[in-house]
Amino acid sequence: MLTAVFSLTGALVFGAADFLGGLAAKRVSAVLATAVASGVGFVVLAAAYPLFGGSWNLHDVWWGALSGVAGAVAISLLYACLAIGPMSILSPLTAVVSAIVPMVWGLFGGERFTALGYWALGLALLAVVLVGFVPEKGAVRPSLRGILMAIGSGIAIGGFYITIDQTSDESGVVPLLLNRGVNAAIMFTVVGAVALVSVARRRAAMGERMPQQSSLGASAPSQGGSATATGIRLAIACGVVDVIANGLLLAGIRAGDLSVAAVLGAMYPAGTILLAALVLGERIAPVQWVGLVLALAAAGLLALA
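Criteria and thresholds
- Residues numbered from 1 in each chain as written.
- Predicted model: local features only at pLDDT ≥ 70, side-chain atom pairs only at ≥ 80, totals over all residues.
- Heavy atoms only, no water.
- Helix = DSSP H or I, 4+ residues; strand = E, 2+ residues; numbered from the N terminus.
- Buried < 20%, exposed > 50% of the residue type's maximum accessible area, 1.4 Å probe, protein only.
- Contact = heavy atoms within 4.5 Å.
- Axes fitted to C-alpha atoms, helices over the stretch in contact; angles between N-to-C directions.
- Parallel < 35°, antiparallel > 145°, perpendicular 65-115°, else oblique.
- Left-handed = near helix turned anticlockwise from the far one by under 90°.
- Nonpolar A, V, L, I, M, F, W, Y, C, P; charged D, E, K, R; others polar.
- Patch = residues over 30% accessible without salt bridge, like charges linked within 9 Å, V, L, I, M, F, W, Y side chains within 5 Å.
- Areas by Shrake-Rupley, 256 points an atom, 1.4 Å probe, with all protein chains shown as cover.
- Salt bridge = Lys/Arg side-chain N within 4 Å of Asp/Glu carboxyl O.
- Phe/Tyr/Trp six-rings, centres within 6.5 Å; stacked < 30°, edge-to-face > 60°.
- Core = buried A, V, L, I, M, F, W, Y, C linked by side-chain atoms within 4.5 Å.
- pLDDT = per-residue confidence, 0-100.

Looking now at the overall build of the protein. Counting secondary structure elements, the protein contains 11 helices and zero strands. In sequence order, the secondary structure elements of the protein are arranged as α-α-α-α-α-α-α-α-α-α-α. Looking at the protein residue by residue over its 305 residues, the buried ones come to 48%. The long-range share in the protein, meaning contacts at least 24 apart out of those at least 6 apart in sequence, stands at 92%.

Once that is clear, we can look at the packing of helix α2 (residues 30-52) against helix α7 (residues 174-206). It is at 8 Å that the axes of α2 and α7 come closest, and there the two elements cross at 150 degrees. Accordingly, the angle class assigned to the pair α2 and α7 is roughly antiparallel. Read as a crossing pair, α2 and α7 show a hand that is left-handed. Where α2 abuts α7, its residues V31, L32, T34, A35, V36, S38, G39, G41, F42, L45, A46 and Y49 lie against V174, L176, L177, R180, G181, N183, A184, M187, F188, V190 and V191. In the contact of α2 with α7, the residues fall into 16 nonpolar, six polar and one charged.

With that settled, consider the packing of helix α4 (residues 87-108) against helix α6 (residues 144-165). At their nearest, the axes of α4 and α6 sit 7 Å apart, and the two run at 40 degrees to each other. Considering the angle they form, α4 stands oblique to α6. Handedness of the crossing formed by α4 with α6: right-handed. The residues of α6 that touch α4, namely those facing L90, L93, T94, V97, S98, V101, P102 and W105, are G146, I147, A150, I151, S153, G154, I155, I157, G158, G159, Y161 and I162. Class assignment for the residues of the contact of α4 with α6 results in 13 nonpolar, seven polar and no charged.

A grouping of V69, I186, V190 and V194 is seen on the molecular surface, where their side chains present a nonpolar patch of about 270 Å² in accessible area. In terms of residue count, α7 provides more of the nonpolar patch than any other element does, three residues in total. If you trace the backbone, I186 turns up in helix α7.

This part is about the packing of aromatic side chains. Each aromatic ring pair is specified by the distance between its two centres and by the angle formed by the two planes. Throughout the structure, instances matching the rule amount to two aromatic pairs. Judged by centre distance (6.2 Å) and plane angle (70 degrees), the rings of Y49 and W56 are edge-to-face. Relative accessible area serves as the criterion here: at 24%, Y49 is assigned to the partly exposed category. By relative accessible area, which is 48% here, W56 ends up partly exposed.

In this section: the pattern of salt bridges. Counted by the stated rule, this structure contains two salt bridges. D242 is the salt-bridge partner of R180, the closest N and O atoms lying 2.7 Å from each other. Within this pair, whereas R180 is found in helix α7, its partner D242 is found in helix α8 (residues 215-255), the two being separated by 62 residues in sequence.

Here the focus is the environment of V190. Mapped onto the fold, V190 is located in helix α7. For V190, a relative accessible area of 31% corresponds to the partly exposed category. Sequence separation between V190 and V31 is 159 residues; the distance between their C-alpha atoms is 7.4 Å.

With that settled, consider the nonpolar core. Judged by nonpolar contacts, the single largest core of 65 residues is most densely connected at F14, Y79, C81 and Y161. In this structure, F14 is in contact with I75, D242, A245, L249 and Y268, ignoring residues within four places of it in sequence.

Turning to the environment of L45, a few remarks are in order. By the element assignment, L45 lies in helix α2. What makes L45 buried here is its relative accessible area of 6%. Considering only alpha carbons, one finds L45 and V243, 198 residues apart in sequence, at a separation of 7.4 Å. Leave out the neighbours within four places in its chain, and L45 touches L176, L177, R180 and V243.

On average, the protein scores 80 in pLDDT, and the residues at 70 or more come to 86%. Of all helices and strands in the protein, the one with the weakest mean pLDDT is helix α5 (residues 115-132) (72), whereas α6 scores best (90). Under a pLDDT of 50 for its full length, residues 212-223 has, in the predicted model, one contact with residues more than four places off or in other chains.

This is the structure in structure tokens:
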């Protein structure tokens, strides 16, 4: 029961974080949005550490740091694909993949599922096909790039579940603290590298024609600066919400089985879809609705398997 409560609640909160991260990535780069969210998450967890505590040992430090690497890949790809959109399609696709990966890991680790579990896996794969296949004219169609990013993100999210599950209960929030710290370090390094490359390319392209800008050129930074500021604020909000979601998901993992917690945690598209419909007015085709329903049904069946 505790696994279900923590995992499902964490999933809904995680869906809200994804929505905020996707909006931030539309205004700033997905890499910068991920870096800011991770940095904010690290600060929040560092402030919360005296309250929740946790033991430090080499085993938990290693797996916590490794989960940060998986998280950096997962979240940057997730925010990038959500920025491309449509959120209501790519988010469920990521969720299905993220649910399957820990289950496959369990199978290779010796776990066995009932017939219901194998039927649920087949149903999940069918859901992926229906979500990505849109025959209706004028329907919202995910691009191949968005689909590949969503699949990659799902695999990395599954990797996060697997690595964070290796940590001990006594470690408290230490693994999450390391996760956010490593995540932020990686993403800010990437941001810096991208910025240096961008500056070098601009200088090479402009050559000696730098100085004088037209009045039109002078007004652009103001608009761009406004969009960037909004993106940063959204990324900050995303970082706070994401920490809460990860804390709930970690509690769900420690309260029960990894496979059950991961599958129930994969319900997070519900929050993303709801916010995308309410805020962005996204519409999807009937066949995609069928795929979404099957995806959620598959996640529920996997939890029972």
